[in-house]
Amino acid sequence: MDPFANRAWRQNQWHYPQYDLPVYIPHYYAASYGWPPFNDRIHTPKHPNLHPALAADTTHVRYDVRKAPSDGILFSTAAQLGSSSALSTSASSIRIISRAFPWTLDIRAPVTCTAVFDGLYKMLQEPICDSEWGIVSLLDKTRRETIEKAAKARMEKDKVKKLKRIDWLGDMTAFKGLEKDDEFEKKRLLPEALACPETWIVKFGKP
């Protein structure tokens, strides 16, 4: 083996920190004592205003929203996130919507990464209301079957005998990051409602 190549390999091994196997956090936005400020990060190419742990094009966080963040996100990842700001600007709030569910989540300052994960979990733990079920049961047979199947599997574990919003997602419960879509945002905004400058679309996939 080329001695210089071997030395480079050794240096590379020394340079990169050790990661938990299920979650890889690139060295350019991980730090020994939390995540560095925005000015010290390599920003997400598509969304430079958004923390890389949240952006759909850069996130390496593995999180199943069926679990509380304290249980679903590895301790080392949560510790590195700490109270990191979700945005580089001092926004007073962030709004999260999705193509996967019909609800709107508004998170007030301080808008941190942890607040985003906590907000998503708490919102999806709320029960499905009667009017929501009425619309689904009458107009969307596929969604109804998805909800019922997911609810049955969940109830076997948590013993909560009522439909929850998390059941709406079926088996697409893995957080895949936030992204921008101005056209969808305009269509989704309730008429006469105030728009939020920091509106983001959350993506989900299979765990």
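Residues numbered from 1 in each chain as written. Predicted model: local features only at pLDDT ≥ 70, side-chain atom pairs only at ≥ 80, totals over all residues. Heavy atoms only, no water.

Is there a simple way to think about the sheet that holds strand 1 (residues 93–97) in this case?
Whether parallel or antiparallel, the strands of a sheet pair through hydrogen bonds between backbone atoms. One open sheet holds the four strands; their spatial order is 2-1-4-3, and the pairing between them is mixed. Sheet topology places strand 2 (105–108) and strand 3 (174–179) at the edges, where each strand pairs with a single neighbour. Strand-to-strand twist in this sheet, taken as the mean axis angle between neighbours without regard to direction, amounts to 30°. As judged from the three bridges shared by strand 1 and strand 4 (residues 199–205), these two strands associate in the parallel manner. Looking at strand 4, one finds that Ile 97 is bridged to Ile 201. Across the sheet, helix 4 (residues 113–124) lies against strand 1, strand 2, strand 3 and strand 4, angled at about 140° from strand 2, the strand it touches most. (Pairing = 2+ DSSP bridges. Helix = DSSP H or I, 4+ residues; strand = E, 2+ residues; numbered from the N terminus. Axes fitted to C-alpha atoms, helices over the stretch in contact; angles between N-to-C directions. Contact = heavy atoms within 4.5 Å.)

Even after reading the chapter, I still don't get the side chain of Arg 95, so can you show me in this structure?
Secondary-structure assignment places Arg 95 in strand 1. A polar atom in the side chain of Arg 95 sits 2.7 Å from the side chain of Asp 106. (Polar contact = N/O pair within 3.5 Å; in protein donor to acceptor, adjacent residues only side chain to side chain.)

Teacher, can you tell me more about the pairing of strand 1 here?
On any regular strand, side chains alternate: one points to one face of the sheet, the next to the other face. For strand 1, the tally of buried residues reaches five of five residues, placing the bulk of the element in the interior. Both faces of strand 1 are covered, namely the face carrying Ser 93, Arg 95 and Ile 97 and the face carrying Ile 94 and Ile 96. In this structure, strand 1 lies alongside strand 2, joined through four bridges in antiparallel fashion. If you follow Ser 93 over to strand 2, its bridge partner there is Arg 108. (Buried < 20%, exposed > 50% of the residue type's maximum accessible area, 1.4 Å probe, protein only.)

What is the right way to read the pattern of salt bridges from this model?
Any two side chains of opposite charge can pair if their charged atoms end up close together. With the rule as written, the count across this model stands at twelve salt bridges. Linking Asp 158 and Lys 164 is a salt bridge whose minimum nitrogen-to-oxygen distance equals 3.7 Å. In this structure, Lys 203 and Glu 179 form a salt bridge, with 4.0 Å as the shortest nitrogen-oxygen distance. Here Lys 203 is found in strand 4, whereas its partner Glu 179 is found in strand 3, with 24 residues between them in sequence. Its relative accessible area of 35% is what places Lys 203 among the partly exposed residues. What you see here is one network of salt bridges that share partners, running through Arg 99, Glu 179, Asp 181 and Lys 203. (Salt bridge = Lys/Arg side-chain N within 4 Å of Asp/Glu carboxyl O.)

Please clarify how the nonpolar core should be interpreted in this entry.
In terms of nonpolar packing, the biggest core is built from 36 residues, with Leu 54, Val 65, Phe 101, Phe 117, Leu 124, Phe 175 and Val 202 touching the most fellow members. Residue assignment for this core shows that the elements contributing at least two residues are strand 1, strand 2, helix 4, strand 3 and strand 4. Counting residues per element, this core draws most heavily on helix 4, at seven residues. Beyond its immediate sequence surroundings of up to four residues, Val 202 is in contact with Ile 96, Ile 97, Ser 98, Phe 101, Leu 120, Phe 175, Gly 177 and Leu 178. (Core = buried A, V, L, I, M, F, W, Y, C linked by side-chain atoms within 4.5 Å.)

Could you clarify how one ought to interpret the environment of Thr 58 in this entry?
Mapped onto the elements, Thr 58 comes out in the loop between helix 1 (3–15) and helix 2 (69–72). A relative accessible area of 12% places Thr 58 in the buried class. Separated by eleven residues in sequence, Thr 58 and His 47 have C-alpha atoms that sit 9.5 Å apart. Within the local environment of Thr 58, its side chain forms a polar contact with the backbone oxygen of Pro 52, the two atoms lying 2.8 Å apart.

Mind showing me how you'd approach the packing of aromatic side chains here?
The description of an aromatic ring pair uses the distance of the two centres, along with the angle that the planes make with each other. Applying the stated criterion across every chain, the model contains five aromatic pairs. Note on Tyr 63 and Phe 117: the rings are 5.6 Å apart at their centroids and 80° apart in plane angle, and the pair reads as edge-to-face. With Tyr 63 in the loop between helix 1 and helix 2 and Phe 117 in helix 4, this residue pair connects regions lying 54 residues apart in the sequence. Neither Tyr 63 nor Phe 117 differs from the other in exposure class; each is buried. Each ring, one from Phe 101 and one from Phe 204, has its centre 6.0 Å from the other, and the planes form 55°; the classification is tilted. Remark: Phe 204 occurs in strand 4 and Phe 101 occurs in the loop between strand 1 and strand 2; sequence separation between them is 103 residues. Each member of the pair, Phe 101 together with Phe 204, is buried. (Phe/Tyr/Trp six-rings, centres within 6.5 Å; stacked < 30°, edge-to-face > 60°.)

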